[in-house]
Amino acid sequence: QVTDIGTIWTLPTSPDETNLYSEGQGILTTQQGAMATYKQQAFGEITSDGRVLFRGAMFFSSSPSQAGELAFLDNLVGVYNYESDLAGNAERVVWEWT
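What counts, and at which threshold
- Residues numbered from 1 in each chain as written.
- Predicted model: local features only at pLDDT ≥ 70, side-chain atom pairs only at ≥ 80, totals over all residues.
- Heavy atoms only, no water.
- Salt bridge = Lys/Arg side-chain N within 4 Å of Asp/Glu carboxyl O.
- Helix = DSSP H or I, 4+ residues; strand = E, 2+ residues; numbered from the N terminus.
- 1 Å grid on protein atoms, 1.4 Å probe; cavity = no way out; pocket = protein on both sides within 12 Å on 5 of 7 lines; lining within 4 Å.
- Points joined across faces, edges and corners; volume = space filled by probe spheres on them.
- Nonpolar A, V, L, I, M, F, W, Y, C, P; charged D, E, K, R; others polar.

Enquirer: How do you make sense of the pattern of salt bridges when you look at a structure like this?
Expert: Pairs can form between side chains of opposite charge once their charged atoms are near each other. Enumeration according to the criterion identifies 3 salt bridges in this entry. When the shortest N-O distance is used, the salt bridge between R92 and D4 registers 2.8 Å. Highlighted residues: R92 in strand β6 (residues 90-96) and D4 in strand β1 (residues 2-12), separated in sequence by 88 residues. E83 is paired through a salt bridge with R51; the nearest N and O atoms lie 2.7 Å apart. Residue E83 is located in strand β5 (residues 77-84), and its partner R51 is located in the loop between β3 (35-46) and β4 (52-61); the two are separated by 32 residues in the primary sequence. Connected via shared salt-bridge partners are D49, R51 and E83.

In structure tokens:
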């Protein structure tokens, strides 16, 4: 389990504002204090029923002195799917790109 605190910005890329581009960065922290950072970029869309979908990439880094159990993330690239619903519930699933 990790806490993910990050910031993103998103811009519409189509005249009807349903296609999106997003960039962001964040920090992952475990309950034991291990930390890793990431940057992300994604393209997405707002569906006709109001859901928000993104497909993107995340670039992770960690310093040996602070990474602890997150050390495996150093220099790892992940690809992800993100989806949120009308109630504001969101899920991002990340896979390691090897």
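Structure's up, so let's keep going.
Enquirer: Help me out: how do you make sense of the layout of surface pockets in this one?
Expert: Considered as a void within the structure, the largest pocket measures approximately 280 Å³ in volume. Lining the largest pocket are 14 residues, and of these V2, L28, F60, L73 and V94 lie nearest its centre. Secondary-structure elements contributing two or more residues to the lining of the largest pocket are β1, β4 and β6. No other element matches β6, which puts 4 residues into the lining of the largest pocket. Counted by class, the lining of the largest pocket contains 11 nonpolar, no polar and 3 charged residues. Of the pockets and cavities examined, the second largest pocket occupies roughly 240 Å³. Residue lining of the second largest pocket: 13 residues in total, with I8, Y38, Q40, Y82 and R92 positioned closest to the centre. For the lining of the second largest pocket, the secondary-structure elements that each account for two or more residues are β1, β2 (19-30), β3 and β5. Per-element accounting of the lining of the second largest pocket gives the leading share, 4 residues, to β1.

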